[in-house]
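# Chains, contacts and geometry: an overview
Next come the chains, spelled out residue by residue.
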Amino acid sequence: GSGEEVEIKNLLAQKPTALIFYRGGWCPFCNRHLSSIVDIIPELDQMGVQLVAISPDRYQILNAKKDLSDLPYQLLSDSSMEWTRKLGIAFQVPDELVGKYLESHNIDLEADSGETHHLLPHPSVFVVDKDGVIQFSHVNENYKVRLEPEKILEATRKVAN
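Residues numbered from 1 in each chain as written. Predicted model: local features only at pLDDT ≥ 70, side-chain atom pairs only at ≥ 80, totals over all residues. Heavy atoms only, no water.

## Looking at the overall build of the chain
Just so we agree on the cut-off: Comment: elements are numbered from the N terminus, with helices defined as DSSP H or I runs of at least four residues and strands as E runs of at least two. In this treatment the radius of gyration is a C-alpha quantity, and the globule benchmark scales as 2.2 Å times the residue count to the 0.38 power. Burial here depends on accessible area, computed with a 1.4 Å probe over protein chains only, as a share of the maximum for the residue type. Under 20% is buried, over 50% is exposed, and the range in between is partly exposed. Areas reported here follow the Shrake-Rupley algorithm with a probe of radius 1.4 Å; residue values treat only the protein chains shown as occluding.
Helix and strand content of the chain: 8 helices and 7 strands. A compact globule built from 161 residues should have a C-alpha radius of gyration of about 15 Å, and the chain, at 15 Å, falls within 12% of that. Its C-alpha atoms give the chain principal-axis dimensions of roughly 50 × 30 × 25 Å. Relative to its full complement of 161 residues, the chain shows a buried share of 45%. Total accessible area on the chain stands at roughly 8,400 Å², and carbon and sulfur atoms take up 47% of it.

Here's what the structure looks like:
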């Protein structure tokens, strides 16, 4: 979370990329998924594939959680939800749920993103080739369901070779 602007096109032009969109550092399902992916990093590296995880969390708090600060890949902020919207995976959190998150779970979506849009991404995985073309996508509206690391590897193998 250094705060410098990352131009997604430049990032994707460097090498094939596995893009993970997650809801935020407050989400236990996301954190579990982000940790589980660590196991496939050596193989991704070997294939020349970079892994990048993106959430609405503003950059100041991206690595605030202890278990996230140790991850061997980049966490990026899409607090405006611009990329998330472009990919069609943003959803509007209903006002009553925003309130419930805050009251019952001490999750402050506005503080986390620094924005008032109340948007979250559906947890998603995209595999993008060097030309910026999405070769694989997995979007699940049930935030409890995540793509297994092995499946991410399978999808990236096709792009790397």
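What follows continues from the structure just given.
## A few points about the pattern of salt bridges
As a reminder, the rule being used: Definition used for salt bridges: Asp or Glu carboxyl oxygen within 4 Å of a side-chain nitrogen of Lys or Arg.
Inspection of every chain in the model, using the stated rule, returns 4 salt bridges. Taking the shortest distance from any N to any O, the salt bridge between lysine 86 and glutamate 82 comes out at 3.1 Å. Within this pair, lysine 86 and its partner glutamate 82 are both found in helix 5 (residues 82–86), separated by 4 residues, close to a single helical turn. Of the residues examined, lysine 86 reaches a relative accessible area of 65% and is grouped as exposed. Residue glutamate 82 is classed as partly exposed on the basis of its relative accessible area, which comes to 41%. A salt bridge links arginine 157 to glutamate 150, with the nearest nitrogen and oxygen atoms 3.8 Å apart. Judged by relative accessible area, arginine 157 falls into the partly exposed class, the value being 28%. Look at glutamate 150 and you get partly exposed, because its relative accessible area is 44%. Connected via shared salt-bridge partners are Glu43, Glu150 and Arg157.

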